[in-house]
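Here's the letter readout for the chains.
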Amino acid sequence: MAPSVVCAWCGRRVREGSPGAVSHGICASCAGESGQFPVESLGAATPAMLDRLPFGLIRVSREGTILAYNAAEETLSGRRRADVVGRNFFREIAPCTAVAAFEGEVAKLWGSDSGGRTTFAFVFEFPGGRVLVTIAAARDPGGDVATLLVQATP
Ligand SMILES: [Zn+2]
């Protein structure tokens with residue numbers, strides 16, 4: 001079994017693993033707020049790189065089309081990326097997010113000229129049930145793509 005992963009910044013448990021074995025990573029909130037996570041380079045990240053992140057990651061266009069969906073998000077949501085990439089996140093995949101508390105927060109990113117970031121809590125209506133998550137969202141500087149980092153709240 002893989003070691004547990006603990007956020008090196010805030011100490012929060014990022015991923016459960018074998019007892020006693022701990023490695024350090026970064027939680028979605030710290031990644032979004034600190035700028036430690038290289039959101040600016042995500043456009044160049046390969047799917048394999050995104051799959052190694054210890055939290056869910058979704059890349060969406062300004063219109064909400066899903067461009068990337070990593071392995072952790074597949075596990076969290078119970079959805080396969082082949083079923084979601086190319087479809088609209090807010091309208092087709094997760095209509096529970098088409099509210100001010102989620103889509104409205106993400107929409108604020110488009111109003112800033114460069115590198116907007118926001119963090120908020122949200123209750124996702126996943127196929128397998130409700131999950132309280134922390135969302136850290138960031139817009140690519142000057143771009144029309146936003147990255148949503150998703151972490152279940154224990
Ligand atoms: Zn943290």
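Before reading further, recall that the structure is shown in the block above.
Quantities reported herein were computed from a predicted structural model and do not represent experimental measurements.

A.B. asks: Hey, could you run me through the sheet that holds strand S5 (residues 66–69) in this one?
C.D. replies: The strands that make up a sheet are held in pairs by hydrogen bonds between backbone atoms, and each pair lies either parallel or antiparallel. Read across the open sheet, the five strands follow the order S5-S4-S8-S7-S6; overall the sheet is antiparallel. Unpaired on one side and paired on the other, S5 and strand S6 (117–126) mark the two borders of the sheet. Pairs of neighbouring strands in the sheet enclose a mean axial angle of 25°, with direction left out of account. In terms of strand pairing, S6 meets strand S7 (residues 129–139) through ten bridges, oriented antiparallel. Considered in S7, the bridge of Thr 118 is made with Ala 137. Contacting strand S4 (56–61), S6, S7 and strand S8 (145–152), helix H6 (residues 100–111) runs over the sheet at an angle of about 150° to S6.

A.B. asks: Looking at this structure, how should I read the nonpolar core?
C.D. replies: The nonpolar side chains of soluble globular proteins are, as a tendency, buried together. Residues Ile 58, Ile 66, Phe 89, Phe 102, Phe 124 and Ile 135 are the most contacted members of the largest nonpolar core, which totals 23 residues. At the level of secondary structure, the elements contributing two or more residues to this core comprise S4, S5, helix H5 (89–93), H6, S6, S7 and S8. For Phe 89, the contacting residues outside a window of four places in its chain are Ile 58, Val 60, Gly 64, Ile 66, Ala 94, Pro 95, Thr 97, Phe 102, Phe 124 and Leu 148. Counting 16 residues, the second-largest nonpolar core is a separate cluster that includes Val 5, Ala 28, Cys 30 and Ala 68.

A.B. asks: Even after reading the chapter, I still don't get the sheet that holds strand S2 (residues 13–15), so can you show me in this structure?
C.D. replies: If you trace the three strands from one edge of the open sheet to the other, you get S2-S1-S3, paired in mixed fashion. The sheet is open, and its two borders are formed by S2 and strand S3 (18–25), each paired with just one other strand. Each strand axis lies, on average, 45° off the axis of its neighbour in the sheet, ignoring direction.

A.B. asks: Explain the layout of surface pockets here, please?
C.D. replies: The method is simple in principle: a probe with the dimensions of a water molecule rolls over the atoms, and the space it marks as empty is what remains. Volume-wise, the largest pocket comes out at about 320 Å³. Along the wall of the largest pocket there are 17 residues; nearest its centre are Val 14, Arg 15, Pro 54, Leu 76 and Ala 152. Put simply, the parts of the chain that give the lining of the largest pocket at least two residues each are S2, helix H3 (71–77) and S8. Top contributing element to the lining of the largest pocket by residue count: H3, with four residues. Classifying every residue of the lining of the largest pocket gives ten nonpolar, three polar and four charged.

A.B. asks: What is the right way to look at the pairing of S6 in this model?
C.D. replies: Remark: a regular strand shows side chains that alternate across the two faces of the sheet. Residues of S6 alternate between two faces, with Thr 118, Phe 120, Phe 122, Phe 124 and Phe 126 buried on one and Arg 117, Thr 119, Ala 121, Val 123 and Glu 125 left unburied on the opposite face. Taking the residues between adjacent antiparallel strands as the criterion, S6 and S7 are bridged by two residues.

A.B. asks: Would you mind showing me how to read the pattern of salt bridges here?
C.D. replies: Two side chains with opposite charge may pair up if their charged atoms get near one another. Inspection of the entire model under this criterion finds ten salt bridges. Between Arg 91 and Glu 103 there is a salt bridge; the shortest N-O distance is 2.5 Å. Separated by twelve residues along the polypeptide, Arg 91 in helix H5 and Glu 103 in helix H6 bring together distant segments of the chain. Of the charged contacts, one joins Arg 130 and Glu 125 as a salt bridge, the two residues approaching to 3.3 Å between their closest N and O atoms. Using a relative accessible area of 65% as the deciding quantity, one classes Arg 130 as exposed.

Cut-off values and rules
Sequence order as written defines the numbering, with residues in each chain counted from 1. Reporting of local features is limited, given that this is a predicted model, to residues whose pLDDT is at least 70; pairs of side-chain atoms are given and counted only at 80 or more, and all residues count toward the totals for whole chains, interfaces and linings. Only heavy atoms go into the side-chain values, all of them from the structure, while hydrogens and water stay out. For two strands to be treated as a pair, DSSP must find at least two bridges joining them. By the criteria applied, helices consist of DSSP H or I runs no shorter than four residues and strands consist of E runs no shorter than two, each listed in order from the N terminus. Lines fitted to the C-alpha atoms define the axes, with helices restricted to the stretch that makes contact. Angles between their N-to-C directions range from 0 to 180 degrees. Here, two residues are considered to be in contact whenever any of their heavy atoms come within 4.5 Å of each other. By nonpolar core is meant a set of buried Ala, Val, Leu, Ile, Met, Phe, Trp, Tyr and Cys residues that side-chain atoms within 4.5 Å join together. Throughout, exposure labels follow a simple rule: accessible area from a 1.4 Å probe, protein chains only, divided by the maximum for the residue type, with under 20% read as buried, over 50% as exposed, and the rest as partly exposed. Using a 1 Å grid laid over the protein atoms alone, points where a 1.4 Å probe fits but cannot get out form a cavity; open sets with protein on both sides within 12 Å along at least 5 of 7 lines form a pocket; any residue with an atom within 4 Å of a point counts as lining. Grid points are joined across faces, edges and corners, and a volume is the space filled by probe spheres set on the points. Each residue receives one of three labels: charged for Asp, Glu, Lys and Arg, nonpolar for Ala, Val, Leu, Ile, Met, Phe, Trp, Tyr, Cys and Pro, and polar for the others, Gly being one of them. Only one rule defines a salt bridge in this text: a Lys or Arg side-chain nitrogen within 4 Å of an Asp or Glu carboxyl oxygen.

Function cannot be inferred from these measures alone, as they are strictly geometric.
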